[in-house]
Amino acid sequence: MTSTIHRTRRARRNGSVALPPDLDSPTDRDDSGARGGASSVPTPDGDADVIDLRDGAGAIAVLEHPVDHPAGPGAASHADDSSATADGPVALAAEPVLRPMAPNAAVTPGRVSAAMHIVLLAATCGVVAWHVAIRGGSLGAGRITIVYSLVVTAYVLSRFLLAAAYRPPRHAGLEPTVAVIVPAYNEGEAVIRTVHACAALDYPASKIEVVCVNDGSSDDTWEHMTAAAREHPDLVTCIDLGENQGKRAAMAAGIRATDAEILVFVDSDSVPAVDGVRRLVQGFADPKVGAVAGITHVRNAHRNALTRMQAARYFVSYELLKSAESVVGAVACCSGCFSAYRRSALEPLLERWEHQRFLGAECTYGDDRSLTNLVIKAGHTTRYDGTAEAWTDSPHTYRKFLRQQLRWKKSWIREGPLLLGHIWRTRTLAFPFVLVATIAGLLSPVVLLLNLGVVPAKLGIWPVVYLLGLYLVAVAYGVFYRSRRRDGLWLYAVMGTFFYIAISVQMLWAVVRVRDGSWGTRGG
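Quick caveat: nothing in here was measured; it's all calculated off a predicted structure. (Residues numbered from 1 in each chain as written. Predicted model: local features only at pLDDT ≥ 70, side-chain atom pairs only at ≥ 80, totals over all residues. Heavy atoms only, no water.)

Topic: the overall build of the protein
Keep this limit in mind: Secondary structure counts use DSSP, requiring at least four H or I residues in a row for a helix and at least two E residues in a row for a strand, with both numbered from the N terminus. Working definition: with a 1.4 Å probe on protein chains only, accessible area under 20% of the residue-type maximum means buried, over 50% means exposed, and in between means partly exposed. By definition in these notes, contact holds between two residues if any of their heavy atoms fall within 4.5 Å. All accessible areas in this document rest on Shrake-Rupley with a 1.4 Å probe, and a residue is counted as covered only by the protein chains that are shown.
The number of helices and strands found in the protein is 15 helices and 13 strands. Within the span of the protein, comprising 524 residues, buried residues form 56% of the whole. Nonlocal contacts in the protein, meaning residues at least 24 apart in sequence, comprise 83% of its contacts between residues at least 6 apart. Total accessible area on the protein is roughly 22100 Å²; 59% of this is exposed by carbon and sulfur atoms.

What follows is the structure, given as structure tokens:
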């Protein structure tokens with residue numbers, strides 16, 4: 001059904017954007033002091049304004065009075081081409097600006113040190129894996145169990161070794177035109193924070209625009225979105241689809257509303273770092289790159305045990321797994337939270353992606369994994385930039401979390417085999433890893449049930465080898481997390497590994513529900 005598209009009044013970008021003082025609410029602030037914490041920033045007149053945009057692992061930015069922008073490549077911002085007038089937008093130089101907080105030096109070691117940590121950890125895990133195999137034989141474990149454990153362990157080790165070779169894209173001084181696209185559905189007042197954060201990005205005002213798309217929300221998302229946009233009339237465009245058409249339709253509407261060279265997607269509950277887009281676009285210096293994924297942290301990490309496990313899982317997934325995938329040029333999923341695509345790579349795929357069908361059903365979920373898959377299939381490489389950061393809120397209730405995981409598993413069940421079907425020719429080096437990951441992922445719930453249910457019940461054999469293998473992987477993830485971050489969550493990386501393996505049985509239900517297009521958590 002054709003819907004009506006509404007736009008806010010949008011002036012030509014000829015000035016800077018004034019940043020509102022209420023960027024975040026006090027209830028979302030974190031006073032724990034993790035990762036250096038949030039501290040007041042002294043200003044020329046002795047005052048200080050601080051707004052913490054993170055919860056959990058530390059603050060991502062402070063709201064401070066202006067200081068001079070550093071000279072040199074990449075130092076331009078909205079203030080660079082501002083022309084404030086008495087009755088026009090106030091120049092950003094006269095207003096507080098967002099700047100990333102300097103992380104605690106102990107949190108993330110240098111790349112050489114990090115590589116040494118990873119290699120040492122991988123070597124240690126290799127020795128333990130060999131010992132597990134030897135002990136497994138002496139304990140009478142089945143050959144299939146031993147082979148499966150060794151293959152999975154070898155795959156995990158390959159992640160550590162490849163991650164040790166990972167380097168983020170170098171700063172090439174690129175400043176292509178950029179459109180930040182924010183699809184939203186029933187986000188309510190929360191969308192204001194995302195709009196303001198995107199408007200405060202450190203990027204030349206003449207080269208960036210923000211396109212917010214309301215996907216027929218049934219709440220007051222549109223009112224909040226347009227209210228936030230009115231504070232940035234020279235930067236933000238708002239589009240209303242009129243009725244709920246799905247996230248893909250909203251993203252596609254945003255794409256068609258701009259002619260920018262680089263399209264950056266930001267979820268409506270996510271907040272990019274002030275320098276996030278500037279860093280993210282540097283990966284496109286390589287003409288072969290079609291998409292670049294940034295890193296997304298969990299903003300509400302310290303809310304409860306569930307969010308802590310998710311925070312640890314996010315970090316390991318990005319810094320270990322996506323780093324390894326990036327080395328072979330095949331990041332399998334450029335997450336919708338914060339990723340960028342080259343327009344020339346995306347445009348030929350847009351219609352096919354927007355109207356994708358699987359087993360006769362319309363595909364309404366897994367938009368990020370599907371789009372990344374098509375980009376790789378078209379012959380482009382996909383990369384990961386661990387210096388381009390964003391923050392998002394994770395589900396804090398088990399009901400919402402499990403519905404989210406079901407949707408993600410359905411997406412993986414659909415896109416995993418599709419990726420395997422072409423990556424052998426598009427990114428040959430990545431093929432063995434994708435093959436093992438796909439087979440192991442599909443077998444994971446079956447192996448879990450066999451080892452913890454069928455085998456002990458029928459044969460009376462305790463799954464010692466299987467549990468030792470899980471323990472090995474869990475500890476490896478925990479030590480990796482501890483070597484990179486000092487926020488006290490490394491134990492949750494260990495516990496989270498067992499937790500995520502335990503809920504892998506959900507994969508069986510995902511297979512049954514793979515044609516079901518319900519979102520589960522969107523707008524929840």
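A word on the packing of aromatic side chains
Stated formally: Here the aromatic set is Phe, Tyr and Trp, taking the six-membered ring for Trp, and pairing holds for ring centres within 6.5 Å; pairs whose planes are under 30 degrees apart are stacked, those over 60 apart are edge-to-face, and all others are tilted. By definition here, charges over rings are those cases where NZ of Lys or CZ of Arg is within 6 Å of the ring centre and within 35 degrees of the ring normal.
Across all of its chains, the model carries eleven aromatic pairs by this definition. Aromatic rings pair up to connect Phe160, Phe315, Tyr477, Phe480 and Tyr481 into one cluster. The ring of Phe433 carries the charged tip of Arg159 above its face, separated from the ring centre by 4.7 Å. Lys322 extends its terminal NZ or CZ atom over the ring of Tyr318, reaching a point 5.5 Å from the ring centre.

With respect to the side chain of Glu325
To keep it simple, the criterion reads: Within this scheme the basic residues Lys and Arg register as positive and the acidic residues Asp and Glu register as negative, but His and the chain ends are omitted. Each salt bridge in this description consists of a side-chain nitrogen of Lys or Arg and a carboxyl oxygen of Asp or Glu lying within 4 Å of one another. Identification of polar contacts relies on pairs of N or O atoms within 3.5 Å, with a donor-acceptor requirement for protein atoms, meaning one able to donate a hydrogen and the other able to accept it, and with residues adjacent in sequence counted only if both atoms are side-chain atoms.
Residue position: Glu325 is located in helix H7 (residues 305–327). Of the side chains bearing the opposite charge, Lys322 lies closest to the buried Glu325, which forms no salt bridge; the N-O distance is 4.7 Å. From its side chain, Glu325 meets the backbone nitrogen of Ala332 in a polar contact 3.3 Å long. With residues up to four places along the chain from it excluded, the contact list for Glu325 reads Arg159, Ala330, Val331 and Ala332.

With respect to the pairing of strand S4 (residues 178–184)
Our working definition: Strands qualify as paired when DSSP identifies two bridges or more between them. We call a crossover right-handed when, viewed with the strands running away from us, the connection from the first strand over the helix to the second turns clockwise.
Taken across its seven residues, S4 has seven buried, putting it largely inside the fold. Side chains of S4 alternate between two faces, with Val178, Val180, Val182 and Ala184 and Ala179, Ile181 and Pro183 buried alike. One ladder, built from seven bridges, connects S4 with strand S5 (residues 208–214); its direction is parallel. Directly across from Val178, in S5, lies its bridge partner Ile208. Handedness of the crossover joining S4 and S5 through helix H3 (residues 190–199): right-handed.

Regarding the nonpolar core
Short version of the rule: Residues belong to a common nonpolar core when they are buried Ala, Val, Leu, Ile, Met, Phe, Trp, Tyr or Cys residues joined through side-chain atoms within 4.5 Å.
Counting residues in hydrophobic clusters, the biggest one holds 48 residues, and the most contacted among them are Phe265, Tyr341 and Leu346. Among the elements that take part in this core, H7 stands out by supplying seven residues, more than any other. Other than its neighbours up to four places away in sequence, Phe265 contacts Ile181, Met251, Ile255, Gly336, Cys337, Phe338, Ser339, Tyr341, Leu346 and Leu371. If you look at the next biggest cluster of nonpolar residues, it comprises 34 residues, including Leu201, Ala229, Val264 and Ala388.

A short note on the packing of H7 against helix H14 (residues 490–502)
The cut-off we apply is this: Axis definition: a line fitted to C-alpha atoms, over the contacting stretch in the case of helices. Angles run 0 to 180 degrees between N-to-C directions. In what follows, roughly perpendicular refers to angles from 65 to 115 degrees, roughly parallel to angles under 35, roughly antiparallel to angles over 145, and oblique to any angle outside these ranges. Residues are grouped as follows: nonpolar covers Ala, Val, Leu, Ile, Met, Phe, Trp, Tyr, Cys and Pro; charged covers Asp, Glu, Lys and Arg; every other residue, Gly included, is treated as polar.
Across the interface, H7 lies against H14 with an axial gap of 8 Å and an inter-helix angle of 95°. Between H7 and H14, the angle is such that the two are roughly perpendicular. Facing Ala305, Leu306, Arg308, Met309, Gln310, Ala312 and Arg313 of H7, the residues of H14 in contact are Tyr492, Ala493, Met495, Gly496, Phe499 and Tyr500. Grouping the constituent residues of the contact of H7 with H14 by class yields nine nonpolar, two polar and two charged.

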